[in-house]
Structures are given as structure tokens and as C-alpha cells.
Amino acid sequence: MENEPIDPLKRVEDQLKKCVKCGACRTNCPAFAAFQREPAVARGKVALAQHILKDDIDLDDQTYLAMSKCLLCGSCVEKCPNNVPTDEIVVAAREALAQKRGLTTFHKAVGQVIQSRSRMKMGAKMASFLGPLFFKKVPETSGLRLRFPLPFVGNQRFVPEIAQQPFIDRHPEVIPGEPGKPRIVFFVGCMTNFVYTEIGEAALALFRHLGCTVIIPKGQQCCGLPGMSGGDIDTVRELAEKNLAEMERYEADYVMSACATCGGALHRLYPLVVGKRNPELRERLDALAKKTVDASQLLQQLGLNPAETGAGEPIRITYHDPCHLRTRGITKQPRELLKATPGVELVEMEGADKCCGLGGTFNVYHYDSSMTINDAKSNAIIATNADAVATGCPGCMMQLADGLKQHGSDREVLHTLQLLARGLKQRSVFT
Ligand code: SF4
Ligand code: SF4
């Protein structure tokens, strides 16, 4: 069936009516905490979307800017007594604005990059090769700082290094496991593929330890979440279709992600944002969502014993809940696994469940506000006196590392899987 060319907000008209303007969504909204203004919170976004739908508001820069002040974290959806899906409404409003005003130059550029894995690969290769021209190593700390500001990237920001070889290129597509054990398709995600390849290696080592067959489809693409931030739904749809076809190429028991954001896209946003607009894809996207699991969730389900895989030097850690795991109810699993890891002491920080301020391209478009949101998080981590902070999202890792360095802290930022696989690394089970 052809897609209907209707105002994207028409599709969420009934959802818009469900808002009773109670304001319960204010409590956990990181955008409200940063901007302290009604248009930043879910209730304000819903009201604004109603006006865009009624066509009784100027679609000027102010309207665009107000709608851009959302991290798509889903905290408001969790808190809303009426189940208003504000994240879905914001994506629809951004799509409507993009249709009426066109994409911004920034989001056009983002779309160009994420549309093609080979273009990203080329960019990553160049960034890795030319990095020293643009970046300087920060003395006494890991991470890089730009030598001079570039568009959308100030020279105060700390960024991680690009890996010399992408994770997907290092491994065969199918890594066979033991007969009768689960077959797992690994949705790697861009940050793990191009930057934090050690997360991919840890995931691979852990699932191989459990005897699973791990399949890493070579044609997988960006999940498309950066496109959702700008209302570039055509790009998101294209990527969702490609990823769907790649994930379906193999008969697998699970589609596993070690990135909270990518997992959240496959699990919630693909069915909501792409499935609803494309009836011919809906069933397949729903089936993909059902199979999608977070790595920590699956490791616990499959009975991983961290005493066999994670033993190492004593380390005191604190844990940050990525929004896209917390809103899927995945909070206990990583903590229980970490607590069972020999040598790991887990201390809770205040506000572990609060957003770190990344929000996909929010961090690029509203960097100062993103760091304002991060202030409380960095201070809470430092107050625990932990040696390191662990989390389940490579995007959060980048944000936490930047925030901590801006606060003068050199604490390590680790993925949960890196701690769970410490013992395997020492035993050279990593490939
Ligand atoms: S909590 Fe839900 S119903 Fe209440 S104002 Fe926010 S979006 Fe509307
Ligand atoms: S998705 Fe997050 S940032 Fe956006 S309105 Fe809801 S709570 Fe606020």
C-alpha cells in the first residue's frame, strides 16, 4: 500500500487530545530542568503540536527552536497518567515542520552521513587518519580536544578517538556457537562500530562464552535516531527498511544490541514512527521489536555467571541508567550482573535514573544546555567517590566522559559489558 501523504500530526491527533495539562511530565523532564520554560516540557510540546496541526501558529524559527528542545528521552511518557506518547508526538511535529519549512542545513548534513554506512566508514577512516591535524590529546587525560572550533563542535568539548578499524570489519558475518544454543543477531550501532569497538568485543566474548552463535550482518546501517531528531523521517524509513531486511536475513532467536539508543529505536520508535506510517512494514517491524533485547537483559536471561567472566582488580563503580534502557524497564539486570562480578563494588549515585543530557543531536544543537543537564550527573558521580562509572549506552559514555572532564575528573567511563568480560579479556578469549 502507498504511504498516505497526510500531515504527520494527523496520525497522532487522538493522542494529542489525551493530554489533560496536569503537568506531571515536568518532574523528570531534562529539557525543562535546563530551559525552565513551559515550551520545553511535554505539556508545552503537546500544546505547540496542537497549534501546528490547527495551522494557527507561525512556523517561524521560534516554533522550530521550541520543538528542537526535546531529548526524546521518554521520561515524560513514563510519568504521564494518560499515556500521552510525547516522544512520538515530537517526532511527528518535527516531521511536519520539516515538510513545511524544509530540513535545516545541519539535519540535511546529518541525513547525508547516516544514509550510507560506506560514507560513514570513509569519514571514520579519514577522521582516524587526519585526527592529529584537528585534535590534540589532552595532557594527563584520555580523550581529544579540537585544536580549533568546527561547525557545531566547539573546541571545549572532549571527544573520543575514532577506532582504526570498524568492529564489523574485524569479524566474519557468522561466528558459529554450540549446537542447540541460541542464535543471536548483533545490531552493532555506529558508536560501537566506529568508536567504542571494545564494547563489541566484550559482547562477542560474553555470548561466545555462553555458546551462542553470533551473527553480525555486514549490511546493517545506522538506526536512524539522529534523523528522527530533525524530522527527517524519509531517511529514518529508508534505514529502518534496510536494517529490517538485514536482521531478517538470518533465522535468529534474538536481535541483541549493546547500545540503549539503537535498542530503543528498534524496540519502540521503529514501530511507532515507521510502522504506523507504513502498513506494509508494520507487522515485520513489530516482529523485530519483539525479538530486540538489550545485551545485559539477554546475558542475565541466558544465565551468565559473572564470576566466570568478570573477575579482575577491585574497582568501585557507580551505574548510570540510560533513558532508553530505563524506559524499557531494564534497570535491575545490569546492576545484578555487576554486583555478582568479583572485584566490582557498586555504589549508587543520587539521580542514577536522570538523563545525562545527550539526547542524540540535542547535544550538538544545544551543547551548552546539554552540559547544564549533565552538571547534576557529573557532580553525583564525583560525590560517590567511585573509580569509574558504568552504563549501557555508548552515547551516554561519550557524554559522561565529556561532562566528567569538564568537571576536572579523570574517572573511567565503562560499558557494563566491559566489566562483565574483564576475566575473559585476561584469558585472551577476545578475538
Ligand atoms: S503528564 Fe501527560 S497529560 Fe499531564 S500534561 Fe504531561 S503530557 Fe499532558
Ligand atoms: S521526551 Fe524527555 S526531553 Fe522531551 S519532553 Fe519528554 S521528558 Fe522532556
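Presented here is an overview of the structure given in this document. (Residues numbered from 1 in each chain as written. Chains lettered and ligands numbered in written order. Predicted model: local features only at pLDDT ≥ 70, side-chain atom pairs only at ≥ 80, totals over all residues.)

1. Notes on the overall build of the protein chain
Here is step 1: Per the secondary structure count, the protein chain includes 23 helices and 12 strands.
Here is step 2: In the protein chain, buried positions account for 51% of the 431 residues.
Here is step 3: Summarising the internal contacts of the protein chain: among those between residues at least 6 apart in sequence, 78% fall at separations of at least 24. (Helix = DSSP H or I, 4+ residues; strand = E, 2+ residues; numbered from the N terminus. Buried ≥ 20, exposed ≤ 12 C-beta atoms within 10 Å, placed from the backbone. Contact = placed C-beta atoms within 7 Å.)

2. Some points on the pairing of strand 11 (residues 388-391)
Here is step 1: As judged from the 3 bridges shared by strand 9 (residues 315-319) and strand 11, these two strands associate in the parallel manner. For Tyr 319, the partnering residue across the bridge sits in strand 11 and is Ala 390.
Here is step 2: Both strand 11 and strand 12 (residues 412-415) contribute to a ladder of 4 bridges, which runs parallel. Among the inter-strand pairings, Thr 391 is bridged to a residue of strand 12, identified as His 415. (Pairing = 2+ DSSP bridges.)

3. Let's talk about the site of ligand 2
Here is step 1: The environment of ligand 2 is formed by 15 residues, the closest being Cys 29, Cys 70, Cys 73, Ser 75 and Cys 76.
Here is step 2: Those elements that place two or more of their residues in the shell around ligand 2 are helix 2 (30-35), helix 3 (42-54), helix 5 (75-79) and helix 6 (86-101). (Near = placed C-beta within 6 Å.)

4. What to know about the sheet that holds strand 9
Sheets are built from strands that pair by backbone hydrogen bonding, the pairs being arranged parallel or antiparallel.
Here is step 1: Pairing within the open sheet is parallel, and its 4 strands lie in the order 10-9-11-12. Because the sheet does not close on itself, it has two edges, and the strands there are strand 10 (344-346) and strand 12. Neighbouring strand axes in the sheet, compared pairwise and without regard to direction, differ in orientation by 35° on average.
Here is step 2: With respect to the sheet, helix 21 (residues 394-406) is in contact with strand 11 and strand 12, its orientation differing from that of strand 12 by roughly 175°. (Axes fitted to C-alpha atoms, helices over the stretch in contact; angles between N-to-C directions.)

5. Describing the sheet that holds strand 7 (residues 254-257)
Here is step 1: Reading across from one edge, 4-6-5-7-8 is the order of the 5 strands in this open sheet, with mixed pairing throughout. Only two strands of the sheet have a single partner each, and these edge strands are strand 4 (174-175) and strand 8 (292-294).
Here is step 2: Here strand 5 (residues 183-187) pairs with strand 6 (residues 213-215) via 3 bridges, running parallel. Each bridged residue has a counterpart across the sheet, and for Ile 184 the counterpart in strand 6 is Val 214.
Here is step 3: Docked against the sheet, helix 13 (residues 260-275) engages strand 5, strand 7 and strand 8, running at close to 155° with respect to strand 8.

6. Digging into the site of ligand 1
Here is step 1: Around ligand 1 sit 16 residues in total, of which Cys 19, Cys 22, Cys 25, Arg 43 and Cys 80 are the nearest.
Here is step 2: For the shell around ligand 1, the elements supplying multiple residues, two or more each, are helix 3 and helix 5.
Here is step 3: For the shell around ligand 1, the residue count by class is 10 nonpolar, 3 polar and 3 charged. (Nonpolar A, V, L, I, M, F, W, Y, C, P; charged D, E, K, R; others polar.)

7. Section: the packing of helix 3 against helix 6
Each pair of packed helices can be described by the angle between their axes along with the distance between the axes.
Here is step 1: Where helix 3 meets helix 6, the axes come as close as 10 Å, and the angle between the chain directions of the two elements is 40°. Compared by their axis directions, helix 3 and helix 6 come out oblique. The crossing of helix 3 and helix 6 is left-handed. On helix 6, the residues touching Ala 42, Lys 45, Val 46, Leu 48, Ala 49 and Ile 52 of helix 3 are Thr 86, Ile 89, Val 90, Ala 93 and Ala 96. (Parallel < 35°, antiparallel > 145°, perpendicular 65-115°, else oblique. Left-handed = near helix turned anticlockwise from the far one by under 90°.)

Structural measurements only, silent on function.
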